[in-house]
Amino acid sequence: MMTPRYAHLMSANCSAVLELSDHEAPLWRYWGPRLPDDALPGFGLRAMRATPTFSLEDDFPLSLFPTFGVGWFGTSALLAHREGRDFAQAFTACDVIWRTPGQALTVRLTDRVTDLMVEIDLALDAGSDVLTLSTRLTNTGLDVLDVQWLAGAVLPLPARSARVRHYGGRHNSEFLLQEEPLARGIWRQENRRGLTSHDAFPGAVVVPLGCDAHAGLAYGAQLAWSGNHTQVIEWLEDGRFQWQLGEWLAPGEVRLARGECLETPQVLATCSMAGLNGVAAGFHKAVRARMTWPRDAMSPRPVGLNTWEGVYFDLDPAVLMQMADAAAKAGIERFVLDDGWFQGRRSDRAGLGDWWTDPDVFPEGLAPLARHVNDLGMAFGLWIEPEMVNPDSDLFRSHPDWALQIAGRPLLTARNQLVLDLTRPEVTAYLLDRLGALLDALPVSCLKWDHNRALTTAGSRGHAAYRRQTLAAYDLMDQIRSRWPDVEIEACAGGGGRIDAGILQHTHRVWTSDCIDAVSRVAIQRGFLQFFPPEIMGAHVGASPAHSTGRSQSLDFRAAVALPGHFGVELDLRHLTTGEAADLTGWIELYRSLRDRLHQGQVWLGEAGDSILWQAHGHKDDLLVLVYRMAPMTWKWPPTLILPMVDPDQTYRVEEVGPRPLSGGAPAPVFADYRSGSLEIHGAWLARQGLPLPPGKAETCLIYQISRVDPGV
Ligand code: GLA
């Protein structure tokens, strides 16, 4: 029996093992918790697979790049042809090039029959345990290759994988958890909306039965891409599952001429024995490492005021200046002027495309407002939606051909707007010129970059342009960032319609949802935090009743729900009572004092029972724990808060924090000690029996700082 050759990628807690051969794509042997270096078996995969009845004599197990028509009956990593020929590809030569020993390699595969080359980059990051994969297909043949599908990654999942947790919803309800059983068949998700979408986040988490938030082997993957996508989880005949993620391609969208190549978006994938929170921890580290910041480091996330829900389109420079005065007084650090400031934009029916200040609304331009904001010590931000055009705009009247369209088909509007064809150089040149004039003239520190509709009839010169449009949008953002390197960009698409690890390589935060109702936000934010770190999660205190739902919550609850994210305010501060303004100021102060701790380290999400949801931020020795009571108590006494992450050999001090006592007095003696910070409790007790919680009303929050007592102090 031949001892196999392996590629073993290793990180602190994970291993990925491929069985290598010169004549085929590497076989997936393992992806899971870290193996010792010498644990790899001396027998090849085929040595343990007898030929079943009624089967091919050749055995084709799951590889890094399984292909159709040559003995593999599962979903193919590639679907392509040349005018109907070369429909079955088999990659029969394989080179493995290590880029970083034990951590990063490129697998180069060739098929001399169909004249194709595939290069797969794999890297397992030592610190985050995240595997990054992408695939490049090159047409080395003479004739054009039509590509229907190219997987960015093919991942193996163990046989005991039982459920897929995926996330989606609609405008105002993003990231809602959907949990479905995996069965002997295919779980498939496709998004054809041309941007990441509200309804189908391009990623998921797969768990065996019994895996929970804190323990059990969980797998996660997400596609770093802001366009169409497909993900497939398919049962295989050896009981494992394969998970493919990649870009959904429209018919004819990718046709490779000789020498041309198609490179997929990257897939980020991780696994953890620490359950759902372990997967989140890996993703948070990886996403943080991929982001780039002005001056190379994230500054403490400034408290923002966004004008949208405060005044909508009803913009008046004098009123905006008063709002800025009130904002500065409350401790706000960034003032973002939302929609409505540019030519003809009195409602959502007109103006998109005409990116100059409307003189009817701002006779002296935006400079006096921006100056006023700066003089108050705040940064100035501006809303734009560059990829869009209203038919009722000067731009569309002069360039109707600049919208994505299909000749002979009607232009389908959504929110009264069309999508500009960014693949045309004259369109991006126009946008750079108009936006550049604004950025040169005004002290803009951040752009809220919106995208308020899905793509449809997205044709450019007769061909589907979804993919090229996404790449062109990235490029436009990059050009703006390279010319104005201090400008931050917030990605928004009717709230959270464009949140993914791809857009986050070009932007600095996202507007998580247009729904600011704090009760709805708890679920949305928990879905978000499965994949992304809290500091980029735009989270605002809105008005009560909430505009999106009509529900009312106290200011304390609204602020406590926004607190762990990139905190901001989105209401007209001028209408707050003196008491409300003082309370809000207190929350802003609290956020400013806690943000450095909320925005680094890990996030753990948990459920205590009886409608108590909690989240802890920081490190196991120093935690900020937010405890949300979502519904009225149905138990006579509240559950205890079990914190599995603390060190069971240490002692911790518990202190309630908040702008003022939030527990409504001390209903039992121990809670008075939380307020004074005099309670010490053993880590083992916290981890196993839990912290006592006071009774409370529905839609309230308590915040605790739980820090290890240093025995030397
Ligand atoms: C979208 C955004 C909102 C706001 C409006 C402005 O809906 O999500 O926050 O900016 O556009 O038109």
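Nothing here was measured: the structure is a model prediction, and the numbers come from that model. (Residues numbered from 1 in each chain as written. Predicted model: local features only at pLDDT ≥ 70, side-chain atom pairs only at ≥ 80, totals over all residues. Heavy atoms only, no water.)

Peer 1: For this particular structure, what's the right way to read unusual backbone geometry?
Peer 2: Most of the time, phi is negative for any residue but glycine, and the peptide bond is trans. Going from S544 to P545, the amide bond is cis rather than trans, its omega being 0°. Considering the arrangement of structural elements, one finds P545 in the loop between β30 (537–542) and α9 (555–562). Here the phi dihedral of E83 falls at roughly 45°; this positive angle occurs in a residue that is not glycine. Overall, the relative accessible area of 71% leaves E83 in the exposed class. Phi at D296 takes a positive value of approximately 65°, unusual for a residue other than glycine. Structurally, D296 can be placed in the loop between α1 (275–290) and β20 (304–306). Of the residues examined, D296 reaches a relative accessible area of 74% and is grouped as exposed. (Helix = DSSP H or I, 4+ residues; strand = E, 2+ residues; numbered from the N terminus. Buried < 20%, exposed > 50% of the residue type's maximum accessible area, 1.4 Å probe, protein only.)

Peer 1: Please clarify how the nonpolar core should be interpreted in this entry.
Peer 2: Across soluble globular proteins, you tend to see nonpolar side chains buried next to one another. Counting residues in hydrophobic clusters, the biggest one holds 214 residues, and the most contacted among them are V147, L155, W341 and F532. Top element by residues in this core is strand β9 (residues 145–157). It accounts for nine residues. Once residues within four sequence positions are removed from consideration, W341 is found in contact with L315, W355, W356, T357, D358, F362, L366, L382, W383, I384 and L438. (Core = buried A, V, L, I, M, F, W, Y, C linked by side-chain atoms within 4.5 Å. Contact = heavy atoms within 4.5 Å.)

Peer 1: I would appreciate a short explanation of the pattern of salt bridges in the present structure.
Peer 2: Should the charged atoms of two oppositely charged side chains come close, the side chains can pair. Applying the stated criterion across every chain, the model contains 47 salt bridges. Put simply, D394 and R397 hold a salt bridge, and the shortest N to O gap is 3.0 Å. Within this pair, D394 and its partner R397 are both found in helix α5 (residues 394–398), separated by three residues, close to a single helical turn. Between E490 and R509 there is a salt bridge; the shortest N-O distance is 2.9 Å. In this pair, E490 is assigned in strand β28 (residues 488–491) and R509 in strand β29 (residues 509–511), connecting sequence segments 19 residues apart. The exposure class assigned to E490 is buried, which follows from its relative accessible area of 7%. Exposure remark for R509: the relative accessible area of 7% places this residue in the buried category. Through salt bridges with shared partners, a single network forms among R99, R108, E119, D121, R136 and E263. (Salt bridge = Lys/Arg side-chain N within 4 Å of Asp/Glu carboxyl O.)

Peer 1: Would you take a moment to explain the sheet that holds strand β35 (residues 651–657) for this structure?
Peer 2: Strand pairing in a sheet takes place through backbone hydrogen bonds and is either antiparallel or parallel in direction. Strand order in this open sheet of six strands is β32-β33-β34-β37-β35-β36, and the pairing throughout is antiparallel. Looking at which strands have only one partner, the edges of the open sheet turn out to be β32 (602–609) and β36 (679–682). On average, adjacent strands in this sheet sit at an angle of 25° to one another, irrespective of strand direction. In this structure, strand β33 (residues 612–619) lies alongside strand β34 (residues 622–629), joined through eight bridges in antiparallel fashion. Residue pairing for β34: G618 is matched across the bridge by L623. Seen against the sheet, α9 touches β34 and β37 (700–708) and runs at an angle of roughly 135° to β34. Together, β35, β36 and β37 form the strand contacts of helix α11 (residues 669–676), whose direction differs from that of β35 by roughly 85°. (Pairing = 2+ DSSP bridges. Axes fitted to C-alpha atoms, helices over the stretch in contact; angles between N-to-C directions.)

Peer 1: Whenever I open this one, the packing of aromatic side chains confuses me. Can you help?
Peer 2: One pair of aromatic rings is described through two measures. These are the centre distance and the angle between the planes. A complete count under the given rule lists 23 aromatic pairs for this structure. Taking 4.4 Å as the distance between ring centres and 45° as the angle between the ring planes, the aromatic pair formed by F201 and F531 counts as tilted. With F201 in the loop between β12 (186–191) and β13 (203–208) and F531 in the loop between α8 (518–529) and β30, this pair connects stretches of sequence that are 330 residues apart. The same class applies to F201 as to F531, namely buried. (Phe/Tyr/Trp six-rings, centres within 6.5 Å; stacked < 30°, edge-to-face > 60°.)

Peer 1: How should the domain arrangement of the protein chain be read in this particular structure?
Peer 2: Often, the extent of an interface is quoted as the loss of accessible area on bringing the components together. The domain architecture assigned to the protein chain consists of domain 1 (5–290), domain 2 (294–597) and domain 3 (604–708). The centre of domain 1, based on its C-alpha atoms, is set 41 Å off from the matching centre of domain 3. (Domains from an automatic or database assignment.)

Peer 1: It is not clear to me how the packing of α8 against α9 should be interpreted in this structure. Could you clarify?
Peer 2: How two helices pack is summed up by the angle between their axes together with the distance between the axes. The interhelical angle for the contact between α8 and α9, taken along N-to-C directions, is 15°, at an axis separation of 9 Å. Comparing their axes, α9 and α8 come out roughly parallel. In this structure, the crossing between α8 and α9 has a hand that is left-handed. Contacts from A518, V519, R521, V522 and Q525 of α8 reach α9 at F557, R558 and V561. Its residues assigned to classes, the contact of α8 with α9 comprises five nonpolar, one polar and two charged. (Parallel < 35°, antiparallel > 145°, perpendicular 65-115°, else oblique. Left-handed = near helix turned anticlockwise from the far one by under 90°. Nonpolar A, V, L, I, M, F, W, Y, C, P; charged D, E, K, R; others polar.)

Peer 1: Can you help me understand helix α7 (residues 466–483) in this one?
Peer 2: Count 3.6 residues to each turn of an α-helix, and residues three or four apart come out pointing the same way. Along its 18 residues, α7 runs 26 Å from first to last C-alpha, staying within 8% of the 26 Å computed at 1.5 Å per residue. Listed in full, the buried residues belonging to α7 are Y466, R467, Q469, T470, A472, A473, Y474, L476, M477, I480 and R481. (Expected span 1.5 Å × (residues − 1).)

Peer 1: Please clarify how the side chain of K448 should be interpreted in this entry.
Peer 2: Position of K448 relative to the elements: it lies in strand β25 (residues 444–449). A relative accessible area of 4% places K448 in the buried class. Looking at K448, its side chain comes within polar contact range of the side chain of D338, at 2.7 Å. In this view, K448 contacts N306, V336, D338, L382, W383, I384, E490, C492 and W511; residues no more than four positions away in its chain are not counted. (Polar contact = N/O pair within 3.5 Å; in protein donor to acceptor, adjacent residues only side chain to side chain.)

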